[in-house]
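Chain and residue survey
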Amino acid sequence: MASAVETVIRSAVTKGVGLIADYNRKRMPDAPHPFLTGIHKPMTGEMTIVDLPVTGTIPSGLDGRYLRIGPNPIAPEAAGYHWFTGDGMVHGVAVKDGRALWYRNRWIRSNAVAAELGERPAPGPRHGGFDTVNTNVVEIAGRTWALVEAGSYPVELDETLGEQTYNAFDDTLEGSFTAHPHRDALTGEHHAIAYEATDPGTIRHIVLSPEGRVVREEPIPVQHGPSIHDCAITARYAILLDLPVTFSMKALIGGHRFPYAWNPAHRARVGLLPRAGKADDVIWCDVDPAYVFHVANAYDAPDGTVVMDVCAYATMFDDAALQGPSGVSRGLERWMIDPANRTVSRRTIDPAPQEFPRPDERRFGQPYRFAYTMALPEGHEPGFVLSTSLYKHDLETGVRTTHDFGPGRHPGEFVFVPARADAGEDEGWMIGLVVDLPHETTDLVILDARDFAGSPVASIRIPHRVPPGFHGNWIPA
């Protein structure tokens, strides 16, 4: 624990760096920003719309809410802005008995957002003074949580998104959390890997009990402050991705609000942490330099190796002028991790640029067959998300099936929802938002996962453009 003197010194240094960063940010050109214009132009208010029009037939088994979160700055400023740092806004559509009952969008009531709205901020404890939450919205132990990595405690949301409370899992979480906890369907536990900029020498393996309380928060030493967006689990291991995007004091002092950058001096490695192990038990395996935002799935192979499927990039955040994801996608890859020899071999499953991989999450940490991804544009596209297709990968046959929404229609991440508890691995629906950019509208689209290239089962019209965000999930009633 830091002494009182150390705390005072760190506080003074932090304030000094903040003043320099603010000064340099004001000197940046206030030019049009690719993540504040066009398809990314923020919404300017909150709405409640009831009885949304439906094309097709909503499956009778769908009773719940589709929720998606992303950045939507309430007072946009282009200078120093990065897509990953905007104020969080949750969008939701409630479905029951074949009807689309409502659409709602609500800002997360951080201190800054509440001040702009002239309201009281959401109650509850803040972690380190950072309270922007904008990256994922999930169900844990029957409750709805908005999440972010490297900073704020989670925010608990009520059924209609109006009541919000900052909540450290009922006071059981000590540090920051992650945007990507993963549920082990066999145990009911959630596993996460967390980091924070204020402690660049440590990451933490966090385990939530099936009741949604933290039962493990194991520190693991690292160097340079790596940015670890996602993780994976197998029956034996929690998998750590210690890759060459790290904290950048240069970026912070320069005025950039997302102070992480490609660091070729950082050793790229994958860690296999026995699920109940300590930091000294991690099996570190070198891998060729790359960056990974998202893991499709991982599992233990019969020969003792670990299989992990990822969307990989050759580099990431090596061009600060882009103010968002800047790497060249290497497509969907399979990483074979050998704990005996401490090596990682890589094989390309599909070289097409793609992101946001999702499996049937009932099989997370287990052998699986199908992965679903969102296509990315070929070549450099400043807006990042302006493709028109989704992919379904059959990992047994190697066949890729494409669903193309047509010109001007841009999907985000889609989530698989099983048709019933005992449904087959691809027996169910893919659900997600599709922006119709020419018409400035959005549809919540429901696809039959077994007729992936076919026409949507149903499409729910939202009469405005929902800016692209990050992650969404189906929350059953």
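Residues numbered from 1 in each chain as written. Predicted model: local features only at pLDDT ≥ 70, side-chain atom pairs only at ≥ 80, totals over all residues. Heavy atoms only, no water.

**Observations regarding the side chain of His294**
On the secondary structure map, His294 appears in strand E20 (residues 291-300). Since its relative accessible area comes to 6%, His294 is described here as buried. Looking at His294, its side chain comes within polar contact range of the side chain of His229, at 3.0 Å. Here the side chain of His294 touches Glu355 through a polar contact of 2.7 Å, side chain to side chain. (Helix = DSSP H or I, 4+ residues; strand = E, 2+ residues; numbered from the N terminus. Buried < 20%, exposed > 50% of the residue type's maximum accessible area, 1.4 Å probe, protein only. Polar contact = N/O pair within 3.5 Å; in protein donor to acceptor, adjacent residues only side chain to side chain.)

**Focus: empty space enclosed by the protein**
Enumeration according to the criterion identifies six cavities of 30 Å³ or more in this entry. Roughly 140 Å³ of volume is contained in the largest cavity. Taken together, 19 residues form the lining of the largest cavity, with Arg68, Pro411, Gly412, Pro468 and Gly469 sitting closest to its centre. Counting only elements with at least two residues in the lining of the largest cavity, the list comes to strand E3 (64-71), strand E28 (409-411) and strand E30 (428-436). Looking at side-chain class alone, the lining of the largest cavity contains twelve nonpolar, five polar and two charged residues. (1 Å grid on protein atoms, 1.4 Å probe; cavity = no way out; pocket = protein on both sides within 12 Å on 5 of 7 lines; lining within 4 Å. Points joined across faces, edges and corners; volume = space filled by probe spheres on them. Nonpolar A, V, L, I, M, F, W, Y, C, P; charged D, E, K, R; others polar.)

**What about the nonpolar core?**
Counting residues in hydrophobic clusters, the biggest one holds 65 residues, and the most contacted among them are Met308 and Trp335. Met308 has contacts with Ala232, Ile239, Leu241, Val295, Asn297, Ala298, Glu333, Arg334, Trp335 and Ile337, leaving out every residue within four places of it along the chain. One finds Met43, Ile58, Ala100 and Leu444 within the second-largest nonpolar core, a separate group that totals 24 residues. (Core = buried A, V, L, I, M, F, W, Y, C linked by side-chain atoms within 4.5 Å. Contact = heavy atoms within 4.5 Å.)

**Looking at the sheet that holds strand E5 (residues 99-107)**
With antiparallel pairing, the five strands of this open sheet are ordered in space as E1-E5-E4-E3-E33. The open sheet has two edge strands, strand E1 (48-52) and strand E33 (472-476), and neither has a second partner. The average angle at which neighbouring strand axes cross in this sheet is 15°, direction not considered. As defined by bridge partners, strand E4 (residues 88-96) adjoins E5 across eight bridges and the pair is classed as antiparallel. What sits directly across from Gly92, in E5, is Arg104. (Pairing = 2+ DSSP bridges. Axes fitted to C-alpha atoms, helices over the stretch in contact; angles between N-to-C directions.)

**Remarks on the environment of Met43**
Its location among the elements puts Met43 in the loop between helix H1 (4-26) and E1. Residue Met43 is classed as buried on the basis of its relative accessible area of 9%. Considering only alpha carbons, one finds Met43 and His464, 421 residues apart in sequence, at a separation of 9.3 Å. Apart from residues lying up to four places away in sequence, Met43 is in contact with Asn72, Met89, His91, Tyr103, Asn105, Trp107, His464, Arg465 and Pro467.

**Regarding the confidence of the model for the protein**
Here the protein averages 94 in pLDDT, and 96% of its residues register 70 or above. Contacts from residues 1-13, a stretch scored under 50 in pLDDT, to residues over four places away or in other chains number three contacts. (pLDDT = per-residue confidence, 0-100.)

**A look at the pattern of salt bridges**
One pass over the structure, following the stated rule, counts 34 salt bridges. For Arg99, the salt bridge identified is with Asp51, shortest N-O distance 2.5 Å. Here Arg99 is found in strand E5, whereas its partner Asp51 is found in strand E1, with 48 residues between them in sequence. Using a relative accessible area of 44% as the deciding quantity, one classes Arg99 as partly exposed. A single network of salt bridges, built from pairs that share partners, joins Arg409, Asp436, Asp443 and Arg461. (Salt bridge = Lys/Arg side-chain N within 4 Å of Asp/Glu carboxyl O.)

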